[in-house]
Amino acid sequence: MPTKKSTPDIFLMIVTFTLLAVGLIMVYSASAVWADYKFNDSFFFAKRQMLFAGVGIIAMFFIMNIDYWTWRTWAKVILIICFVLLILVLIPGVGNVRNGSRSWIGVGAFSVQPSEFIKIAMIAFLAKFLSENQKAITSFKKGLFPSLGLVFLAFGLIMLQPDLGTGTVMVGTSVVIIFIAGARISHFVGLGLLGVAGFVGLIISAPYRMKRITSFLDPWQDPLGSGFQMIQSLYAIGPGGLFGLGLGQSRQKFFYLPEPQTDFIFAILAEELGFIGGSLILLLFSLLLWRGVRIALGAPDLFGTFLATGIIAMIAIQVMINIGVVTGLMPVTGITLPFLSYGGSSLTLMLMAVGVLLNISRHSRY
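In what follows, the accompanying structure is described. (Residues numbered from 1 in each chain as written. Predicted model: local features only at pLDDT ≥ 70, side-chain atom pairs only at ≥ 80, totals over all residues. Heavy atoms only, no water.)

## Describing the side chain of Ser131
Heads up, the condition is: A run of H or I in DSSP becomes a helix once it reaches four residues, and a run of E becomes a strand once it reaches two; helices and strands are each numbered from the N terminus. N or O atoms closer than or at 3.5 Å make up a polar contact, with two conditions inside protein: a donor-capable atom paired with an acceptor-capable one, and, for residues adjacent in sequence, both atoms drawn from side chains.
Along the polypeptide, Ser131 turns up in helix H4 (residues 114–132). A polar contact of 2.8 Å, which involves the side chain of Ser131, links it to the backbone oxygen of Ala127. At a separation of 2.9 Å, a polar atom in the side chain of Ser131 contacts the main-chain carbonyl oxygen of Lys128.

Listed below in structure tokens is the structure:
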């Protein structure tokens, strides 16, 4: 077991809290008009986000003081629990439907999204499995197939909700861990071609996904339908210019951009804080990822390295997809921007994941 250090990575903690503070401010700014109209309380979403942030911070500090080796011991149990929750959420009357997806389980504000938590559970399990069977990963039958088989079983359950965005993040994160563990490039090429074919099949099988693709290529084909969010997002970013319209001065949040406090919060941020503000957010994410990579490289064992790598990959993939969607570089998917977007399950998960990173940093050799 690793030897405990006295202090965690303070720089990582500062960057995380800075992103979280910006997120709380932007959630209020982006949601105030809609919250006042719908709930007669302009702080409705902001207060809940502060509650989620409080829970997440407590969880982060608690996990920061738990030896990361503990996650190796409990990885299998945690993954099984998450699989059970993924099955339960599909049962009518148990799982709640929101925005067309049966992704939630619980009551009201106390609902959780199992597909969010299986991302970190899968990271922990793969880190355990691959650190114990690293030599087997070069074998398709003994290493790669069991790993990816489990990943795609979880992906299948997530797609039954359906939630392509979360499933894509989980698969992408898992592939990064498996690649870092030493899987053969030739295996990835073959599976990559198969994956592309499967992805195309998923898009073709659901008309609304095909509309998202066509609206991504030309949103003006259906400006009031599938292309609406993309167009309104670009209308927000464009007027922002270099310095923005000013904090709280967004025009698109006045019922043009649907629910701007969630997946498209970066568009409102760019509109109000401009290119400079958006660039500073990207810089903060870059610093967070840099510290995460350093922690992974300095981890005292393979499990710590794979665990830290998975967490950083998960955050990086979500940031790239979210900002890619908001800026029109990728088709619309339901992916939140870590630490900034409104959402209890996502925010709590990210802060818990940072807690794991902070604990690994207490043992890292850098």
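## Thoughts on the pattern of salt bridges
The test is simple: Salt bridge, as used here, is a side-chain nitrogen of Lys or Arg placed within 4 Å of a carboxyl oxygen of Asp or Glu.
Enumeration according to the criterion identifies 6 salt bridges in this entry. Ionic pairing is found between Lys253 and Glu272, a salt bridge with its closest N-O pair at 3.4 Å. You can see Lys253 sitting in the loop between helix H9 (228–240) and helix H10 (265–298) and its partner Glu272 sitting in helix H10, a full 19 residues away along the chain. A network of salt bridges, in which partner residues are shared, links Arg72, Lys128 and Glu132.

## Quick look at the nonpolar core
For the record, the criterion: Side-chain atoms within 4.5 Å are what join buried Ala, Val, Leu, Ile, Met, Phe, Trp, Tyr and Cys residues into a set we call a nonpolar core. Exposure classes here rest on a 1.4 Å probe applied to the protein chains alone. A residue is buried below 20% of its type maximum, exposed above 50%, and partly exposed in between. Only heavy atoms matter for contacts: two residues are in contact if any of them lie within 4.5 Å across the pair.
Residues Leu19, Ile118, Leu130, Met170, Leu307, Phe339 and Leu340 are the most contacted members of the largest nonpolar core, which totals 97 residues. By residue number, the principal contributor to this core is helix H11 (residues 302–326), which donates 14 residues. Apart from the residues lying within four places of it in its own chain, the contact partners of Leu307 are Tyr68, Ile123, Ala124, Ala127, Val356 and Ile360.

## Let's talk about the pairing of strand S2 (residues 101–105)
Stated formally: Two strands qualify as a pair provided that DSSP identifies no fewer than 2 bridges between them.
Of all 5 residues that make up S2, 4 are buried, and the element is covered over most of its length. Pairing of strand S1 (residues 95–98) with S2, which is carried by 4 bridges, proceeds in the antiparallel orientation. The residue bridging Gly95 from the neighbouring strand is Ile105, located in S2.

## As for the packing of helix H6 (residues 164–180) against H11
Cut-off, in case you're wondering: Inter-axis angles, ranging from 0 to 180 degrees, are taken between N-to-C directions of lines fitted to C-alpha atoms, where helices are fitted over the stretch in contact. Note that the term roughly parallel is reserved for angles under 35 degrees, roughly antiparallel for angles over 145, roughly perpendicular for angles of 65 to 115, and oblique for everything else. Here a crossing is taken to be left-handed if its near helix is turned anticlockwise relative to the far helix by less than a right angle, and right-handed if that turn runs clockwise. Under the grouping applied here, Gly and all other residues not named as nonpolar or charged are polar, the nonpolar ones being Ala, Val, Leu, Ile, Met, Phe, Trp, Tyr, Cys and Pro and the charged ones Asp, Glu, Lys and Arg.
Orientation of H6 relative to H11, taken along the N-to-C sense of each, is 140°, at an axis distance of 9 Å. Classified by the angle their axes make, H6 and H11 are oblique. The way H6 lies across H11 gives a crossing that is right-handed. Contacts between H6 and H11 involve Thr168, Val169, Gly172, Thr173, Val176, Ile177 and Ile180 from the former and Phe306, Thr309, Gly310, Ala313, Met314, Ile317, Gln318 and Ile321 from the latter. Tallied by class, the residues present in the contact of H6 with H11 amount to 9 nonpolar, 6 polar and no charged.

## Structural notes on a nonpolar patch on the surface
The following threshold applies: Patch members must show over 30% relative accessible area and no salt bridge, and they are joined within 9 Å when carrying like charges or within 5 Å when they are nonpolar side chains of Val, Leu, Ile, Met, Phe, Trp or Tyr. Each accessible area value is a Shrake-Rupley result obtained with a 1.4 Å probe; residue values ignore everything except the protein chains displayed when judging cover.
Nonpolar side chains collect at one region of the surface, where Leu242, Phe243, Phe275, Ile276, Leu280 and Leu283 lie side by side and expose about 630 Å² of accessible area between them. Counting through the fold element by element, Leu280 comes out in helix H10.

## Focus: the packing of aromatic side chains
The criterion, for reference: Each Phe, Tyr or Trp ring (for Trp, its six-membered ring) is paired with any other whose centre lies within 6.5 Å, and the angle between the two planes then decides the class: stacked below 30 degrees, edge-to-face above 60, tilted in between.
The final tally for this structure, using the stated rule, is 15 aromatic pairs. Each ring, one from Phe44 and one from Phe45, has its centre 5.2 Å from the other, and the planes form 90°; the classification is edge-to-face. When sorted by exposure, Phe44 lands in the same class as Phe45, which is buried. On the numbers, 6.1 Å between centres and 15° between planes, the contact of Tyr68 with Phe303 is stacked.

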